[in-house]
Amino acid sequence: MMPGCIQGLTYYVCDCIFYHRVRPGRQVMNGFADAAAQAFGLIAAGDPKLVDVVMLSLRVSLASVVLSSAIGLPLGAFVAVTRFPGRKGAIVVLNALMGLPSVVVGLVVYLLLSRAGPLGSWGILFTPTAMVIAQTILITPTMAALSRQIIADGWEEYREQLRSLGARKAGVALTLLWDLRYSLVTIVLAGYGRAASEVGAVMIVGGNIDGVTRVMTTAIALETSKGDLPLALGLGIILLAIVLALNAAANVVRDAARRRYG
Amino acid sequence: MNPMDMRPPLSLLPLHLEDVVFDVGQRRILHGITLALDAGSRTMIIGPNGAGKSVLLRLCHGLLEPTSGRVAWSAPEPPHAPRRQAMVFQRPVLLRRSALANIVYALKCSGVPAPARFGRALSALSRVGLGALADRPARVLSGGEQQRLALARAWALDPEVLFLDEPTASLDPGAAHEIERIVGAMHAAGTKIVMVTHNMGQARRLGDEVLFLHQGRLVERAPAERFFRNPATPEAARFLEGELPW
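Basis of the calculations
- Residues numbered from 1 in each chain as written.
- Chains lettered and ligands numbered in written order.
- Predicted model: local features only at pLDDT ≥ 70, side-chain atom pairs only at ≥ 80, totals over all residues.
- Helix = DSSP H or I, 4+ residues; strand = E, 2+ residues; numbered from the N terminus.
- Buried ≥ 20, exposed ≤ 12 C-beta atoms within 10 Å, placed from the backbone.
- Contact = placed C-beta atoms within 7 Å.
- Rg over C-alpha atoms; globule rule 2.2 N^0.38 Å.
- Pairing = 2+ DSSP bridges.
- Axes fitted to C-alpha atoms, helices over the stretch in contact; angles between N-to-C directions.
- Core = buried A, V, L, I, M, F, W, Y, C linked by C-beta atoms within 7 Å.
- Nonpolar A, V, L, I, M, F, W, Y, C, P; charged D, E, K, R; others polar.
- Parallel < 35°, antiparallel > 145°, perpendicular 65-115°, else oblique.
- Left-handed = near helix turned anticlockwise from the far one by under 90°.
- Expected span 1.5 Å × (residues − 1).
- Arc of directions from axis to C-beta.
- pLDDT = per-residue confidence, 0-100.

Caption draft 1: Geometry of the overall build of chain A. Regarding its fold elements, chain A presents 11 helices and zero strands. In chain A, the succession of helices and strands from N to C terminus is α-α-α-α-α-α-α-α-α-α-α. When burial is assessed residue by residue, chain A has 42% of its 262 residues classed as buried. Sequence-distant contacts, at least 24 apart, represent 78% of the contacts inside chain A between residues at least 6 apart.

Encoded structure:
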């Protein structure tokens, strides 16, 4: 999952390197290598601005993942094991919502939370809370749609045995969620990847306020346009490293669990 | 505590099937089966592939609904009451938790109060010789051990009727022998056995009576000893000739 902002940054850096094209009034960069060297310097020095942005990013995305797991996974399990009118339509909608553009989610949440909006009295627009809400809305359908698929496959295998034991529907959904927990880890990671890398929703509802709602992706977008490429690139490197480390850790846990529990 | 104390007084058996038909799409799998299964005896269901044996078992156990006809137990089975019948499948489906926890889960589903679950599960495990593996994750047990665990899970529920669908089909002779021993012990403890098998030796060893199915019809029903010595119908005779080459 390549965050869009990183792609944009890459194009920009390439422009600098190959065409020496830099926006007027911006400090001239000597290219990717220099920027990368300075970026690693910032990371190694634990630059406080960088650390703040990284910590806020982690907090917002992790909170969104926890919330959307709590909503999306049981929802997926419910849709997988129950029959109700309109179930097929619900599955199509869930799958379609996986491709929800983050700016659209940002816009809708912005309209809801803005002063004139129905939830304007909460006064949480341009706060991390608003960002968590937007990201939760963004990734919950992904969690639900993907977990529905995994639970439905599991249900095929377990159905006769669980019905034979007389397990109730609600119990069945929880049993499957727990029994397929190692497969669901991948889904949670996919959700985290989407939350951590999206820029549209947090930009709109957070406002990218320095020290308050600035996260890695919005900072990268901003610093790139300002021409502070080392900071932007440093953030990009950290963002990739976090996603990579989480995936690697999850892989190790899943493989160990598979060996141990079968 | 003796689990028999909690059993409602009415017996599930006999089970009556009245003109049971089962279709899948346009294809008729069972053509009007009428029979009664009484308590006590061990019933073996045999017949060639596609005769409808497994479907018949699932209809009896309530995993499938008949297209027409009636499957009626002598005592009512309310939809959410603890089940008084159990089934063991060809490939056991075990949960990703310990052997013991698998049985505890089944006891929970069947409404056994929490304090009684652990002891009952442990005693069922030791009856099938898995007492030492109680804490082992169920899914990493060998095929034979997994099937014994599935039997222990069924036994812990103390069912009146146990349905088995080719429980030894994918096991080696030693493991299969162990399964037969356990099924025999459950029968001795008072459980009605209804078993589908492709293994004629097994049907002879375990069976009191035989239901012979052929192309979705119950062609012959006879005491096992008589059936194997002298089948009454040409279909059964041909089937046994093919299955028993001696």
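Let us keep going from here.
Caption draft 2: Seen up close, the overall build of chain B. Helices and strands together make up the secondary structure of chain B, namely eight helices and nine strands. On C-alpha atoms alone, chain B measures out to a radius of gyration of 18 Å, which is about the 18 Å that the 2.2 N^0.38 rule sets for 246 residues. Principal-axis analysis of the C-alpha atoms gives chain B an extent of 55 × 40 × 35 Å. In chain B, once contacts between residues fewer than 6 apart in sequence are set aside, the share between residues at least 24 apart is 68%.

Caption draft 3: Focus on the sheet that holds strand β1 (residues 15–24) of chain B. Residues and elements named next belong to chain B. Taken in spatial order, the three strands make up an open sheet running β2-β1-β4, and their pairing is antiparallel. Unpaired on one side and paired on the other, β2 (27–37) and β4 (68–72) mark the two borders of the sheet. Between one strand axis and the next, the sheet turns through 20° on average, direction left out of account. Alignment of β1 against β4, held across four bridges, turns out to be antiparallel. When the bridges of β4 are listed, V21 appears paired with S68.

Caption draft 4: Representation of the pairing of strand β8 (residues 209–214) of chain B in the model. Residues and elements named next belong to chain B. Where strand β3 (residues 42–46) meets β8, four bridges bridge the pair, whose relative direction is parallel. Residue I45 lies in a different strand from β8, and its bridge partner there is L211. Where β8 meets strand β9 (residues 217–223), six bridges bridge the pair, whose relative direction is antiparallel. Note on β9: the bridge partner recorded for H214 is R217.

Caption draft 5: Structural view of the sheet that holds strand β6 (residues 161–165) of chain B. All names here are of chain B. Pairing is mixed in the open sheet, where six strands are placed in the order β5-β6-β7-β3-β8-β9. Taken across any chain shown, the strands that pair with only one partner, and hence form the sheet edges, are β5 (85–88) and β9. Geometrically, the sheet is characterised by an average inter-axis angle of 15° between neighbouring strands, direction not taken into account.

Caption draft 6: How the structure looks around the nonpolar core. Counting residues in hydrophobic clusters, the biggest one holds 138 residues, and the most contacted among them are V109, A134 and V205 of chain A together with I45, I103 and A152 of chain B. A per-element tally of this core places helix α6 (residues 128–165) of chain A first, with 17 residues. The residues touching V205 of chain A, leaving out its near neighbours within four places in the chain, are G106, V109, Y110, L113, L125, A130, M131 and A134 of chain A.

Caption draft 7: Structural detail: the interface of chain B and chain A. Taken residue by residue, the interface counts 17 residues in chain B and 15 residues in chain A. For the side of chain B that touches chain A, the secondary structure elements donating two or more residues are β5 and α2 (99–109) of chain B. For the side of chain B that touches chain A, the residue count by class is 11 nonpolar, three polar and three charged.

Caption draft 8: Region of the structure containing the packing of helix α3 (residues 48–81) of chain A against helix α11 (residues 229–261) of chain A. Residue and element names in this part refer to chain A. It is at 11 Å that the axes of α3 and α11 come closest, and there the two elements cross at 40°. Viewed along their axes, α3 and α11 adopt a mutual orientation that is oblique. Where α3 crosses over α11, the handedness of that crossing is right-handed. Residues L50, V53 and V54 of α3 touch α11, and the partners they reach there are L231, G234, L235 and I238. Here the residues of the contact of α3 with α11 sort into six nonpolar, one polar and no charged.

Caption draft 9: Local environment of the packing of α3 of chain A against helix α7 (residues 169–179) of chain A. All names here are of chain A. It is the contact of α3 with α7, at a shortest axis distance of 9 Å, that shows an interaxial angle of 120°. One element, α3, and the other, α7, form an angle in the oblique class. Remark: the crossing between α3 and α7 carries right-handed chirality. Within the contact between the two elements, α3 uses L73, P74, A77, F78 and V81 and α7 uses K169, V172, A173, L176 and L177. For the contact of α3 with α7, the residue count by class is nine nonpolar, no polar and one charged.

Caption draft 10: The arrangement of the pairing of β3 of chain B in detail. All names here are of chain B. β3 sits mainly inside the fold: five of its five residues count as buried. Burial of the side chains of β3 extends over both faces: R42, M44 and I46 are buried on one face and T43 and I45 on the other. Where β3 meets strand β7 (residues 192–196), four bridges bridge the pair, whose relative direction is parallel. Directly across from I45, in β7, lies its bridge partner V196.

Caption draft 11: A look at helix α5 (residues 102–113) of chain A. All names here are of chain A. With 12 residues, α5 should reach 16 Å at 1.5 Å per residue; the first-to-last C-alpha distance of 16 Å fits that figure. Burial in α5 covers these residues: S102, V105, G106, V109, Y110 and L113. Along the axis of α5, the buried positions cluster into a sector of 135°, meaning they face one direction only.

Caption draft 12: Geometry of the confidence of the model for chain A. All names here are of chain A. Model confidence for chain A is summarised by a mean pLDDT of 87, while 89% of its residues fall at 70 or above. Predicted confidence is poor over residues 16–22, with pLDDT under 50, and the contacts of this stretch with residues over four places away or in other chains come to 10 contacts. Confidence drops under a pLDDT of 50 for residues 24–28, and excluding neighbours within four residues, the segment shows three contacts in the predicted structure.

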